[in-house]
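# Examination of the molecular architecture
So the chains spell out like this:
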Amino acid sequence: MKHVLTIAGSDTCGGAGIQADIKTFSALGTYGMSVITAVTVQNTQGVFDCQDITPEIIKKQIDAIFTDIEVSAVKIGMVSKIETIKAIAEKLKQYKVKNVVVDPVMISKSGFDLMKSDAKQTLIEELIPLADIITPNLPEAEVITGISIKNLNDMKKAAKIVYDMGAKNILIKGGHLESDAIDIFFDGKNYIYLEAKRIQTKNTHGTGCTLSSAIAANLAKGNTAEQSAKNAKKYIVTAIEHSLDIGKGVGPTNHFYELYQKAGMEVD
């Protein structure tokens, strides 16, 4: 069994962050581990507060994993401060980490800033060049590239800009488009369209975390970046189709739907 590490924030209600990551790793047959970068106060109705973990403790958590356990892939999620980003980049370089997935989490669905505005340039300089694949949604891609993204051609332009920043592969997620949910995968040469019909549900909490974690799990198992993105897209579509109506707000995706089906459990 491959071992996959998430370096991200904690979500109280379990739908996003490290909780979603570890559920995804498990659902896809890998062993999940975590380095917590921040503790958020949130539920299905929004994010209400956040406390960052110190860079020293983040580095010690990373050391604890890499000095003991083989790591086949790393997913990086919420990294809110300059110091946090630099600490993670330092350790990724030290341990020569492979199969790095960067999910540039910046703003929650409820509008809470999950990354300080002054940390954007540090993300671009420190983490993007270490990414085997980066998975921004449209608002995140706009912040990173500085361009307005309204259609598929804009998405392709954004993917090229991020590629030129040093990422080996880019997946621009099109969930914010008004049409069907079309993502664009770019490897520096080819643009691959990953298409899916838009699912009419409000319960999409943690979709970005889940997708990037699914990519990491697939990379850990030896798939190419392109195939990992395709497999992850299929997984997240199923998870959204059977999302859970939990809480009073935006419910989570159903990470274990296929496993529950095999076990004969009613899960919808």
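Below is a summary of the structure that appears in this document.

Each value, and the rule that gives it
- Residues numbered from 1 in each chain as written.
- Predicted model: local features only at pLDDT ≥ 70, side-chain atom pairs only at ≥ 80, totals over all residues.
- Heavy atoms only, no water.
- Helix = DSSP H or I, 4+ residues; strand = E, 2+ residues; numbered from the N terminus.
- Rg over C-alpha atoms; globule rule 2.2 N^0.38 Å.
- Contact = heavy atoms within 4.5 Å.
- Areas by Shrake-Rupley, 256 points an atom, 1.4 Å probe, with all protein chains shown as cover.
- Lys, Arg positive; Asp, Glu negative; His and termini not counted.
- Charge placed at Lys NZ, Arg CZ, Asp CG, Glu CD.
- Phe/Tyr/Trp six-rings, centres within 6.5 Å; stacked < 30°, edge-to-face > 60°.
- Buried < 20%, exposed > 50% of the residue type's maximum accessible area, 1.4 Å probe, protein only.
- Pairing = 2+ DSSP bridges.
- Axes fitted to C-alpha atoms, helices over the stretch in contact; angles between N-to-C directions.
- Parallel < 35°, antiparallel > 145°, perpendicular 65-115°, else oblique.
- Left-handed = near helix turned anticlockwise from the far one by under 90°.
- Nonpolar A, V, L, I, M, F, W, Y, C, P; charged D, E, K, R; others polar.
- Polar contact = N/O pair within 3.5 Å; in protein donor to acceptor, adjacent residues only side chain to side chain.
- Core = buried A, V, L, I, M, F, W, Y, C linked by side-chain atoms within 4.5 Å.

## Some thoughts on the overall build of the protein chain
For the protein chain, the count of helices and strands is 9 helices and 9 strands. The C-alpha atoms of the protein chain give 17 Å as radius of gyration, which agrees with the globular expectation for 268 residues (18 Å, within 12%). Principal axes of the C-alpha set define a box for the protein chain whose edges measure 45 × 40 × 40 Å. By sequence separation, contacts in the protein chain at least 24 residues apart represent 67% of the contacts at least 6 residues apart. Carbon and sulfur atoms make up 50% of the accessible area of the protein chain, which totals about 12,100 Å². Distance between charge centroids for the protein chain: 3 Å, based on 30 positive and 31 negative side chains.

## Considering the packing of aromatic side chains
Per the stated rule, a full pass over the model turns up 4 aromatic pairs. Taking the centre distance of 4.9 Å and the plane angle of 15° together, the rings of Phe 66 and Tyr 95 count as stacked. You can see Phe 66 sitting in helix H2 (residues 55-66) and its partner Tyr 95 sitting in the loop between helix H3 (82-94) and strand S5 (100-102), a full 29 residues away along the chain. For Phe 66, a relative accessible area of 18% corresponds to the buried category.

## Some points on the pairing of strand S9 (residues 191-196)
Sheet topology places strand S8 (residues 181-186) next to S9; 6 bridges connect them, and they run antiparallel. Each residue of the ladder has a partner; that of Ile 184, found in S9, is Tyr 193. Between S8 and S9, which pair antiparallel one after the other, the connecting turn spans 4 residues, and Gly 188 there sits at a positive phi close to 100°.

## Notes on the packing of helix H5 (residues 138-145) against helix H6 (residues 152-164)
Between H5 and H6, the least distance of the axes is 10 Å, while the angle of their chain directions is 50°. Viewed along their axes, H5 and H6 adopt a mutual orientation that is oblique. As H5 packs across H6, the resulting crossing turns out to be left-handed. The segment H5 lies against H6, with Leu 138, Ile 144 and Thr 145 engaging Met 155, Ala 158, Ile 161 and Val 162. Looking at side-chain class alone, the contact of H5 with H6 contains 6 nonpolar, 1 polar and no charged residues.

## Here we look at the packing of H2 against H3
Where H2 contacts H3, the axes come no closer than 9 Å and their chain directions differ by 25°. Classified by the angle between their axes, H2 and H3 sit roughly parallel to one another. Between H2 and H3 the crossing geometry is right-handed. Facing H2, whose interface residues are Pro 55, Ile 58, Lys 59, Ile 62 and Asp 63, H3 presents Glu 83, Thr 84, Ala 87, Ile 88, Glu 90, Lys 91 and Gln 94.

## Describing the side chain of Ser 243
When you line up the elements, Ser 243 lands in the loop between helix H8 (225-241) and helix H9 (257-262). Only 3.5 Å separates the side chain of Ser 243 from the backbone oxygen of Asn 203, close enough to count as a polar contact. Other than its neighbours up to four places away in sequence, Ser 243 contacts Thr 201, Asn 203, Pro 252, Thr 253 and Asn 254.

## With respect to the environment of Glu 241
The residue Glu 241 is located in helix H8 in this model. Taking C-alpha positions, Glu 241 is 17 Å from Leu 194, a pair spaced 47 residues apart along the chain.

## A closer look at the pairing of S8
Of all 6 residues in S8, 6 are buried; the element is thus mostly enclosed. With burial as the criterion, each face of S8 is covered, one bearing Ala 181, Asp 183 and Phe 185 and the other bearing Ile 182, Ile 184 and Phe 186. Relative to S8, strand S7 (residues 170-172) runs antiparallel, the two being bridged by 3 bridges. Looking across to S8, one finds that Leu 171 is bridged to Phe 185.

## Concerning the nonpolar core
If you look at the biggest cluster of nonpolar residues, it comprises 43 residues, and the most contacted ones within it are Leu 5, Ile 76, Ile 88, Leu 123, Leu 127 and Ile 134. The residues contacting Leu 123, other than those within four sequence positions of it, are Val 79, Ile 85, Val 102, Pro 104, Met 106, Met 115, Ile 128 and Ile 144. Judged by nonpolar contacts, the second largest core, of 24 residues, contains Phe 25, Ala 73, Leu 219 and Ala 225.

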